[in-house]
Amino acid sequence: MNKITFLALFATILTSYGQNYDDLIKKADSCYEIKNYTISTAFFEKAFKTKPELKENFYNAACAASLANDKKNSLKWLETAINNGFDNLNHINTDSDLDNVRNEKKFNKIISDLQKKTELVEAKYDKPLQKELLEILKEDQEIRNQYFSAQKKYGYQGKEMDSLGKIMVLKDSLNLKRIVKILDEKGWAGKDVVGQQANQTVFLVIQHSNLKIQQRYLPMMREAVKKGNANSDSLALLEDRVALRQGRKQIYGSQVGTNPVTKTQYVLPLEDPDNVDKRRAEVGLDPLSDYVKFWNIVWDIDQYKKDLPEIEKMSKQKN
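The model shown is predicted, which means the values in this text are computed figures rather than measured ones.

What counts and what doesn't
Residues numbered from 1 in each chain as written. Predicted model: local features only at pLDDT ≥ 70, side-chain atom pairs only at ≥ 80, totals over all residues. Heavy atoms only, no water. Core = buried A, V, L, I, M, F, W, Y, C linked by side-chain atoms within 4.5 Å. Buried < 20%, exposed > 50% of the residue type's maximum accessible area, 1.4 Å probe, protein only. Contact = heavy atoms within 4.5 Å. Salt bridge = Lys/Arg side-chain N within 4 Å of Asp/Glu carboxyl O. Helix = DSSP H or I, 4+ residues; strand = E, 2+ residues; numbered from the N terminus. Expected span 1.5 Å × (residues − 1). Arc of directions from axis to C-beta. Polar contact = N/O pair within 3.5 Å; in protein donor to acceptor, adjacent residues only side chain to side chain. Disulfide = S-S within 2.5 Å. Axes fitted to C-alpha atoms, helices over the stretch in contact; angles between N-to-C directions. Parallel < 35°, antiparallel > 145°, perpendicular 65-115°, else oblique. Left-handed = near helix turned anticlockwise from the far one by under 90°. Nonpolar A, V, L, I, M, F, W, Y, C, P; charged D, E, K, R; others polar. Phe/Tyr/Trp six-rings, centres within 6.5 Å; stacked < 30°, edge-to-face > 60°. Lys NZ or Arg CZ within 6 Å of the ring centre and 35° of its normal.

Chemist: Explanation requested: the nonpolar core in the structure shown.
Modeler: Among soluble globular proteins, nonpolar side chains are generally buried collectively. In this structure, Phe44, Phe48, Trp77, Leu78, Ile92 and Phe107 are the most contacted members of the largest nonpolar core, which totals 30 residues. Leave out the neighbours within four places in its chain, and Phe48 touches Tyr21, Ile25, Glu56, Asn57, Phe58, Ala61 and Trp77.

Chemist: Honestly, the pattern of salt bridges in this entry has me stumped. Any pointers?
Modeler: Pairs can form between side chains of opposite charge whenever their charged atoms are close. Evaluation of the coordinates by the stated rule reveals 19 salt bridges. Across the pair Lys106 and Glu79 runs a salt bridge whose closest N-O atoms are separated by 3.4 Å. Here Lys106 is found in helix α7 (residues 105–122), whereas its partner Glu79 is found in helix α5 (residues 71–83), with 27 residues between them in sequence. Residue class for Lys106 comes out partly exposed when judged on its relative accessible area of 38%. When its relative accessible area of 31% is taken as the criterion, Glu79 is described as partly exposed. The closest approach of N and O atoms between Arg279 and Asp272, which form a salt bridge, is 3.4 Å. Judged by relative accessible area, which is 15%, Arg279 ranks as buried. Connected via shared salt-bridge partners are Lys131, Glu132, Glu135 and Arg178.

Chemist: What is the right way to read helix α2 (residues 21–33) from this model?
Modeler: Over its 13 residues, α2 extends 18 Å from the first C-alpha to the last, a length consistent with the 18 Å expected when each residue adds 1.5 Å. Tyr21, Leu24, Ile25, Ala28 and Cys31 are the residues of α2 that are buried. Taken around the axis of α2, the buried residues stretch over an arc of 125 degrees, which confines them to a single face. Where α2 is buried, its residues touch α3 (37–50). The backbone nitrogen of Asp22 lies 3.2 Å from a side-chain oxygen of the residue at the head of α2, namely Asn20.

Chemist: Is there a simple way to think about the state of the cysteines in this case?
Modeler: Put plainly, two cysteines are in a disulfide when a covalent bond ties their sulfur atoms together. Taken as a whole, this structure holds 0 disulfides when the rule is applied. The thiol sulfur of Cys31 is not disulfide-bonded, and the nearest other cysteine sulfur, from Cys63, lies at 16 Å. Owing to a relative accessible area of 11%, Cys31 belongs among the buried residues under this scheme.

Chemist: Looking at this structure, I do not really get unusual backbone geometry. What am I missing?
Modeler: Most of the time, phi is negative for any residue but glycine, and the peptide bond is trans. If you check the backbone angles, Lys263 has positive phi at about 65 degrees while not being a glycine. Within the element layout of this structure, Lys263 appears in the loop between β1 (256–258) and β2 (265–267). Residue class for Lys263 comes out exposed when judged on its relative accessible area of 58%. Its identity as a non-glycine residue notwithstanding, Asn296 has a phi of 60 degrees, on the positive side.

Chemist: Even after reading the chapter, I still don't get the packing of helix α8 (residues 127–154) against helix α11 (residues 196–207), so can you show me in this structure?
Modeler: When two helices pack together, their arrangement is given by the angle between the helix axes and the distance between those axes. The geometry of α8 relative to α11 is characterised by a closest axis approach of 8 Å and an angle of 50 degrees between their N-to-C directions. With respect to each other, α8 and α11 are oriented oblique. α11 is crossed by α8, and the crossing has left-handed handedness. Contact residues: α8 offers Gln130, Leu133, Leu134, Ile136, Leu137, Asp140 and Gln141, while α11 offers Gln197, Ala198, Thr201, Val202, Leu204 and Val205. Looking at side-chain class alone, the contact of α8 with α11 contains 8 nonpolar, 4 polar and 1 charged residues.

Chemist: Would you explain the packing of aromatic side chains in this entry?
Modeler: Here a ring pair, both rings aromatic, is described through the centre-centre distance and the interplanar angle of the planes. Considering all chains together, one arrives at 9 aromatic pairs under this definition. Measuring from centroid to centroid gives 5.3 Å for Phe48 and Trp77, while their planes differ by 75 degrees, and the two rings are edge-to-face. Placement of the pair is Phe48 in helix α3 and Trp77 in helix α5, with a sequence separation of 29 residues. In this pair, the class of Phe48 matches that of Trp77, namely buried. The rings of Phe44, Phe48, Phe58 and Trp77 are connected pair by pair, giving a single aromatic cluster. Seen from the ring of Tyr291, Arg280 lies directly overhead, with NZ or CZ sitting 4.7 Å from the centre.

Here it is in structure tokens:
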């Protein structure tokens, strides 16, 4: 590190004193995005010292440290991430962010240990069910990727969009029949039975279905979350979707609408906006202000509360 880079790093870190864990993680992520991996690594390190009991963000930190050529921290954080439940072996093996540590002895040992652990876990899987769910997942995601790619190229209307839309509806209908059969015969296919990726298939298909189906299987998913066999953040999305379809306000702010006049996006009717981030954190979701950036929404709680009556009116008109 040259003198100018070191001084810039030192000045940046000095300004971070007194900041909480979430602020430091945000700065680490921001530095990563602009490819300033050395400063990103420094922010991750300070964040972990601030709240050493937390079990999040270690994999991202390992990637930043690897790119900064800080092999010691990268391997330490990668190992910590795995010990805290990050077990996506395929992702680790193909993630170019980790290329700088891939030839290290410790890296090979970490991967070897994870491979053995994975094989022991997967030996208990229902392989035919896992295979079927992964096939459904592929169908579900392929048509959506085609649809969104076409949307970028042709806009929201046109014969191409109509055609893909009809294909998507047909595929969703066929996939839903398969998922309903699985749920009725075997219950919620947990991560312990089919693995993380196949398990997520059940949620994805149900969330695309009609209200009657969602209401029918929502209690089953709640029980699965309690047992650790479904993701709490996925359940939050389904809870919001069902609430809005029933004419209630959403809880986590995951659902977004489009103003018919301005064509801008907004957060659909939300219960108790002041405490939404607390509820989101409880289920593993990022703050709402970060989440809505995808739709170019600036989250202002005070303004949202003022706009809420109009938002509720627009929502009712849409339904």
